[in-house]
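# Geometric and topological summary
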Amino acid sequence: MSRSSAEVGPSVQVRSSKGTMSKIAKVNLRNGMLFVSPWLAGFAAFSLLPFLLSLYYSFTTYDVVSSPVWVGLDNFAQLFKDPLFWKSITNTMYYTLFSVPLGIVFGVALALLLNMKVKGMALYRTIFYLPSIVPVVASSVLWLWLFDPQFGLINGLLDAIGIAGPGWLVDPAWSKPALIVMGLWGVGGAMIIYLAGLQDIPQEMYESAQIDGAVWWQKIVYITLPMLSPVIFFNLIMGLIGSFQYFTQAYIITSGGPNDSTLFYSLYLYKNAFSYFHMGYASAMAWILFLLIMAVTLLVFKSSARWVFYGGER
């Protein structure tokens, strides 16, 4: 039995017999564009335009006050001769290579503990998650006090057990490890995502492994980690992007010191742009950072086929 035109509705009548859009389709398109226009305007003004301008400024000498002067690839050539540029890359890579893997290990371990059926678990989850929502500025000031070599709580506890505490943020050898430790304090944000992934693993798999005589570590290695690999992959990508742009804590606590040991790439970029007013130079740095993050992200995506397991795949 055929349906009437009223039952078909106007949503089907997108084009007329001549192939042009119907009146209703044009009205819907117009209304849709009107609703999305505030976002489009904001995207164009605050994302697309700065993106294109930074590309232009990267080929100029620009001090914000005077008009930019085209210099071609000179900014990029100067970057590769700049020792602080290489120092900032070294510091950033050091932080990335240690903070991202440690963040994954601590996050997964914490999620496994908080996935246990224990009385009061909701309270424990809240306690471990709270540090991740503390404002970065407030937590940075807090850790600045904790890391104080003379009056800080950490060195005070170490002295109580007979260990001489290091200089932490005033010692170039300990400044980056101190910031890495500080980053692990906020692992609760990733922990929540891991916890959600753990609760999505079918319990039947663990029951089958239990029947086959698998011990706890075999369940983790052969069931938990493979089933959790998509979540680990997501947090790995986000962790890499965040670590390459590490800025706020170093800016507030050390401002790049001591001896440029915490002069991270984003911090050096910021100083060139807003302290030295070398906006063209900073724009060139921004584009190198963009290409570096894109290359690393693509590399991780390429490798994911070897270690990321999706339950729906055959």
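Residues numbered from 1 in each chain as written. Predicted model: local features only at pLDDT ≥ 70, side-chain atom pairs only at ≥ 80, totals over all residues. Heavy atoms only, no water.

For the protein, the average pLDDT comes to 90, and 93% of its residues sit at 70 or higher. Counted against residues more than four places away or in other chains, residues 1-12, with its pLDDT under 50, gives two contacts. (pLDDT = per-residue confidence, 0-100. Contact = heavy atoms within 4.5 Å.)

Counting 35 residues, the largest nonpolar core has Leu79, Phe85, Phe147, Leu179, Tyr265 and Met285 as the members making the most contacts within it. By residue number, the principal contributor to this core is helix α14 (residues 279-307), which donates eight residues. Those residues within four positions of leucine 79 in sequence are excluded, and the remaining contacts are Phe85, Trp86, Tyr281, Ala284, Met285 and Ile288. Val100, Leu114, Leu195 and Ile223 belong to the second-largest nonpolar core, a separate cluster that totals 26 residues. (Core = buried A, V, L, I, M, F, W, Y, C linked by side-chain atoms within 4.5 Å. Buried < 20%, exposed > 50% of the residue type's maximum accessible area, 1.4 Å probe, protein only. Helix = DSSP H or I, 4+ residues; strand = E, 2+ residues; numbered from the N terminus.)

A few words now on the packing of helix α5 (residues 121-129) against helix α9 (residues 188-199). Interhelical geometry of α5 versus α9 gives an angle of 140° and a closest axis separation of 8 Å. Between α5 and α9, the angle is such that the two are oblique. In this structure, α5 contributes Arg125, Phe128 and Tyr129 to the contact, and α9 contributes Gly188, Gly189, Met191, Ile192, Leu195 and Gln199. Grouping the constituent residues of the contact of α5 with α9 by class yields five nonpolar, three polar and one charged. (Axes fitted to C-alpha atoms, helices over the stretch in contact; angles between N-to-C directions. Parallel < 35°, antiparallel > 145°, perpendicular 65-115°, else oblique. Nonpolar A, V, L, I, M, F, W, Y, C, P; charged D, E, K, R; others polar.)

Counted under the stated rule, the structure contains one cavity of 30 Å³ or more. Roughly 40 Å³ of internal volume is contained in the largest cavity. Counting residues per element, the ones that place at least two in the lining of the largest cavity are α4 (83-114) and α14. Per-element accounting of the lining of the largest cavity gives the leading share, three residues, to α4. Of the residues assigned to the lining of the largest cavity, the class counts are six nonpolar, one polar and no charged. (1 Å grid on protein atoms, 1.4 Å probe; cavity = no way out; pocket = protein on both sides within 12 Å on 5 of 7 lines; lining within 4 Å. Points joined across faces, edges and corners; volume = space filled by probe spheres on them.)

In this section: the packing of aromatic side chains. Tallying each qualifying case throughout the model produces 27 aromatic pairs. On the basis of an interplanar angle of 65° and a centroid distance of 5.8 Å, the ring pair of phenylalanine 85 and tyrosine 265 is categorised as edge-to-face. Highlighted residues: phenylalanine 85 in helix α4 and tyrosine 265 in helix α13 (residues 265-275), separated in sequence by 180 residues. Looking at phenylalanine 85, the relative accessible area reads 1%, which means it is buried. What makes tyrosine 265 buried here is its relative accessible area of 2%. A centroid spacing of 5.9 Å and a plane angle of 70° characterise the contact between tryptophan 143 and tryptophan 185, whose relative ring orientation is edge-to-face. Taken together, the residues span a long stretch of sequence, with tryptophan 143 in helix α6 (residues 136-146) and tryptophan 185 in the loop between α8 (172-184) and α9 at a distance of 42 residues. Under the relative-accessibility criterion, tryptophan 143 is labelled buried at 9%. The aromatic ring of tyrosine 94 is capped on one face by lysine 176, whose charged end is 5.1 Å from the ring centroid. (Phe/Tyr/Trp six-rings, centres within 6.5 Å; stacked < 30°, edge-to-face > 60°. Lys NZ or Arg CZ within 6 Å of the ring centre and 35° of its normal.)

Another point: the packing of α13 against α14. At their nearest, the axes of α13 and α14 sit 7 Å apart, and the two run at 155° to each other. When the axis of α13 is compared with that of α14, the two are roughly antiparallel. You can see that α13 and α14 cross each other, and the crossing is left-handed. Listed contacts from α14 to Tyr265, Ser266, Tyr268, Leu269, Asn272, Ala273 and Phe274 of α13 are Met279, Tyr281, Ala282, Met285, Ala286, Ile288 and Leu289. Grouping the amino acids of the contact of α13 with α14 by side-chain chemistry returns 12 nonpolar, two polar and no charged. (Left-handed = near helix turned anticlockwise from the far one by under 90°.)

Before going further, it helps to examine the layout of surface pockets. Of the voids in this model, the largest pocket is the one considered here, and its volume is about 900 Å³. Around the largest pocket, the lining comprises 32 residues; the ones closest to its centre are Tyr95, Gly183, Gly186, Val187 and Gln249. Among the secondary structure elements, those contributing two or more residues to the lining of the largest pocket are α4, α6, α8, α9, α11 (216-244) and α12 (248-253). Residues that form the lining of the largest pocket fall into these classes: 18 nonpolar, 14 polar and no charged. The calculated volume of the second largest pocket comes to roughly 550 Å³. Residue lining of the second largest pocket: 17 residues in total, with Leu112, Asn115, Met116, Gln203 and Tyr206 positioned closest to the centre. Counting only elements with at least two residues in the lining of the second largest pocket, the list comes to α4, α9, α10 (203-211) and α11. Class assignment for the residues of the lining of the second largest pocket results in eight nonpolar, five polar and four charged.

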